[in-house]
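# Close look at the chain arrangement
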Amino acid sequence: MEKIKIDGLSKEEVIRAREKYGSNALETIHRDTFFKQLLRSLGDPIIRILLIALGIKTIFLIKDFDWYETVGIAIAIFLASFISTLSEYGSEKAFDKLQQEAAKTKVKVKRFEGILTIPLEEIVVGDIVLLEYGEKIPADGVLLTGSLTIDESSITGESKEIYKYPFKTGTDLKETNQLFRGSVIYQGTGKMLVTKVGVNTFYGKIAKELQDVQPESPLKSRLRHLATIISRIGYCSAFFVALSYLFFSIVINNQFDINKIIIYCSDLSLLFAHLLYALTLAVTMIVVSVPEGLPMMITLVLSSNMKRMLKDNILVRKLVGIETSGSLNILFTDKTGTLTKGELEVVGAILGDGRVVNSNKELISYKKYLKVLDESLIQNNSCSYDKTKNKFIGGNATDQACVNFIYNKKPIILPKLKEKPFNSKDKYSKVTVNDNGNITYIKGSPELLLKKCNKYLSLDGMEIRFSSSSLWKRLEEYTRLGIRVILTGYSRNDGTDIVLLSLLLIKDELRKESKGAVNIVRKAGVQVVMITGDNKETATSIAKETGIISSNTDLVLTSSDMAQMSDAELKKKLPNLRVVARALPQDKSRLVRISEEENLVVGMTGDGVNDAPALKKADVGFAMNSGTEVAKEASDIILLDNNFYSITKAILYGRTIFKSIRKFIIFQLTVNFCAVFLSIIGPFIGVATPVTVIQMLWINMVMDTLAGIAFSYEAPLSEYMEEKPKDRYEPILNNYMIHEIVFIGVYSSLLCIFFLKSPYIHSFFRDDINDKYFLTAFFGLFIFVSIFNSFNARTSRLNIFANLFKNKMFMVVILFIAVVQFVLIYYGGELFRTVGLSFKEIEIMLLCAFSVIPVELFRKIYLKKNNKLGHV
């Protein structure tokens, strides 16, 4: 240990210490620039396919290839990458702002010039820091003077108060002397010698570990799988389109005559032209098969829900963390501050006659008794009374709970004649004051003090003899329930004979939402495991109260139980595991690792430095806003209200997002399927694509950008929380989706062919040289088929209007597309090759397009009748 400079370091010594040991700043996790993040986003599986398609398109652009598709793909890539990068970059900036606020903390140090107030990061090894209650310890060190009650739960994971005593020169360092950065001072003042700063502190070493690579999110693995499927479909489609064109041009046009075919093929320049065009069609099919709007839609749905979640006190740091939340299979949660309020309070009191009161309001009519009880809690307390604010401040958590129970809101603090502070060895505190004669108020462990009580104070103010043995059974009963019991009493002879006032029942109460929230999460098929530093009995009691334990097969393990198990044995126990008691920090990381090896999607909550590695390794790390900066840095999502109920919202939003993505894929792949089908069958029946380049630009905008916006704002429905979570490797395309895409895709294709080839349909439209009226109607048909099919795609219910008005953006976008389409029909002119249609022509066009709704309804009815309907 460095030599102690009692007078503090000089300016030169501060400079030398900083050069030798470094500053107290934590190692900042490197964040990429906006441009680097933008480039990294191009690694998305779907975007990779688009980049390949863009490259091919650009090459063929030289040969007068259609430029609209090339530009459309480039725009889709740019928007998807830019929006996702902008959203995540903005979220990180908001997070950095939170962290910067924490870094502005000032501390008092004793240096050669005197007592200075400096920023936390300017502390150096050898500094003497002045500590007071309520502050966080700014670096690692040893206590030189004073005594402190410390909360080290953020370091050790144990919620009990730790007592620290001064280090004596010439002795070895002990746990009771050492102080760690990030710990909170509950009580006392003192001076600390700084021995480690910055990255060399325990806190800093944990922060450094967070450079580890996080596991790939389920959404990314699913998108990679989808990209593989789409690319295969694209290649097959390209092959068949090229083959069908060559077969039609060479074989059918030559009437299957072998001689004619041989002569036709002998013209090499003509054959080369056909081969080049066939290759062009093949490239077109590859591009058409790719849903280029999907990356942008995913970005839109993630970023829009990120903003919604912020209103619900959920700060999303990493966009994919939202969707991953919806896929959770198992959730490891802290107890303190997450399931509970994170603060102790008196929930009742056992009186000397065995009666139990739940509130001090029940004692209002017993003024003599209430006055003595109040005085015992006021005078024998480590909290200070602030007259200006009319409240008690400071003190440890137990004493804060005691003063919150008093009825007298304007107490008078009497001079203390004698005082014995609480310590972990004696387990009680007492104070002697002059209150109409000397009286000693005592507070502490009932196991130690109850046997010294021969009398209790009755509600009418009389001291009555009794046998304390009558209260032991009641005491054990509450202890088993996880309630901490504190004895309060007084003595006229310095504590030899104690008059019992009450046994205070102190508990970190459950949040009122916790039980319901746990129930919601469990109904959603997510296994909830509570990890706590409490003993097995207390942990079991709380788990039963919240509903985490609900059957005899539910398993409670302690840290020592886990330590004796191999990974294989623990994996067998994992499905029934509900509670880990007396947990150590390494237990969390081990549980996360084992769960991920079982292909489970893992969520972890935490707030302490010790939680950071597990938060980083989990698929979704939920950090508490009240937690340490290191825990927040390791997390994907920060719960701004520190509430378990917020996790249920994150799960619901995640599931909604995944369903929104699936709905959009149904919509877009149905249109793509129709285009591919027409391209393959078309050459055999003499149907070319009867749309212009400009019309195709509008169709692409409807399919990609506008539809993406429409499906991005689907409402989170509570019914989603009754479904089982998706498997980590479950593909995005399920049987329900494939069936709908193929069925409606084929129907739409046949409808388009029928519309183009049927003389009956043609008879409803006015004739002109260029068939402008008919082709205008076909342009409208293609758009309105997409519009009506969007209603089919957004729900698997028979009622396509179910929950429709909960997505107002969908209605606005669809209405906008319809209005613009009518404007284009009547005012598009030469640019869009459209002419105004009569009411009857519009009616026929809309009637044909609307037919996709009853056709899809019959499909759903058939599947429902055979119990095969399914859902997205």
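Scroll up for the structure.
As a starting point, this report considers the structure included with it.

What counts as what
- Residues numbered from 1 in each chain as written.
- Predicted model: local features only at pLDDT ≥ 70, side-chain atom pairs only at ≥ 80, totals over all residues.
- Heavy atoms only, no water.
- Salt bridge = Lys/Arg side-chain N within 4 Å of Asp/Glu carboxyl O.
- Helix = DSSP H or I, 4+ residues; strand = E, 2+ residues; numbered from the N terminus.
- Buried < 20%, exposed > 50% of the residue type's maximum accessible area, 1.4 Å probe, protein only.
- Axes fitted to C-alpha atoms, helices over the stretch in contact; angles between N-to-C directions.
- Parallel < 35°, antiparallel > 145°, perpendicular 65-115°, else oblique.
- Left-handed = near helix turned anticlockwise from the far one by under 90°.
- Contact = heavy atoms within 4.5 Å.
- Pairing = 2+ DSSP bridges.
- Patch = residues over 30% accessible without salt bridge, like charges linked within 9 Å, V, L, I, M, F, W, Y side chains within 5 Å.
- Areas by Shrake-Rupley, 256 points an atom, 1.4 Å probe, with all protein chains shown as cover.
- Disulfide = S-S within 2.5 Å.
- Arc of directions from axis to C-beta.

Another aspect to go through is the pattern of salt bridges. What the rule picks out here adds up to 30 salt bridges. In this structure, the salt-bridge partner of Arg578 is Asp554, at a minimum N-O distance of 3.3 Å. Of the two residues, Arg578 sits in strand β25 (residues 577–581) while Asp554 sits in the loop between α17 (536–546) and β24 (555–558), which places them 24 residues apart along the sequence. Across the pair Glu740 and Arg859 runs a salt bridge whose closest N-O atoms are separated by 3.6 Å. Of the two residues, Glu740 sits in helix α25 (residues 735–757) while Arg859 sits in helix α31 (residues 852–865), which places them 119 residues apart along the sequence. Exposure remark for Glu740: the relative accessible area of 1% places this residue in the buried category. By sharing partners, the salt bridges in this structure join Asp567, Lys571, Arg590, Arg593 and Glu597 into a single network.

Attention now goes to the packing of α25 against helix α27 (residues 772–793). Direction vectors running N to C along α25 and α27 enclose 160 degrees, while the axes themselves pass 11 Å from each other. In terms of their interaxial angle, α25 and α27 are classed as roughly antiparallel. α25 and α27 meet at a crossing whose hand is right-handed. Where α25 abuts α27, its residues Glu740, Ile744, Ser748, Leu751, Cys752, Phe755 and Leu756 lie against Phe774, Ala777, Phe778, Leu781, Phe782, Val785, Asn789, Asn792 and Ala793.

Judged by pairing direction, the sheet is mixed, and its eight strands sit side by side in the order β10-β28-β27-β26-β11-β23-β25-β24 without closing on themselves. Since the sheet does not close on itself, it has two edges, and those belong to β10 (314–316) and β24, each with one partner. Each neighbouring strand pair of the sheet contributes to a mean axis angle of 20 degrees, computed without reference to strand direction. With four bridges connecting them, strand β26 (residues 602–606) and strand β27 (residues 620–624) associate as parallel partners.

Overall, antiparallel pairing links the six strands, which are arranged β2-β1-β3-β9-β4-β7 in an open sheet. With one partner strand each, in any of the chains shown, β2 (114–119) and β7 (178–179) form the two edges of the open sheet. Inspection of the sheet shows strand β1 (residues 106–111) paired to strand β3 (residues 128–131) by three bridges, in the antiparallel sense. Note on β3: the bridge partner recorded for Val109 is Val129.

What follows concerns a nonpolar patch on the surface. Together, Leu815, Val819, Val823, Tyr826 and Tyr827 give the surface a local cluster of nonpolar side chains, amounting to about 540 Å² of exposed area. Its location among the elements puts Leu815 in helix α28 (residues 808–827). Exposure remark for Leu815: the relative accessible area of 55% places this residue in the exposed category.

Formally, a disulfide is one covalent bond, and it connects the sulfur atom of one cysteine to the sulfur atom of another. Overall, the coordinates contain zero disulfides when judged by the stated rule. Left unpaired, Cys674 is separated from the closest cysteine sulfur, that of Cys752, by 4.4 Å.

Right, let's talk about helix α16 (residues 514–523) for a bit. Within α16, the full set of buried residues consists of Ser514, Ala517, Val518 and Val521. All buried residues of α16 project into a common sector of 100 degrees when viewed along the axis, lining one side. Away from the buried face of α16 by more than 90 degrees, exposed residues Lys515 and Lys523 are located. At the exit of α16 stands Gly525, carrying a positive phi of roughly 85 degrees.

As a further point, take the pairing of strand β23 (residues 527–531). With respect to burial, β23 is a largely interior element, five of its five residues being buried. Side chains Gln527, Val529 and Ile531 of β23 all project onto a buried face; the interleaved residues Val528 and Met530 project onto the opposite face, where all are buried too. With five bridges connecting them, strand β11 (residues 330–334) and β23 associate as parallel partners. Each bridged residue has a counterpart across the sheet, and for Leu331 the counterpart in β23 is Val528. Relative to β25, β23 runs parallel, the two being bridged by two bridges. Bridge pairing links Ile531 to Val580 in β25.

Attention now moves to the side chain of Asp386. Of note, Asp386 is situated in strand β14 (residues 384–386). Those residues in contact with Asp386 that lie beyond four places of it in its chain are Lys391 and Ile393.

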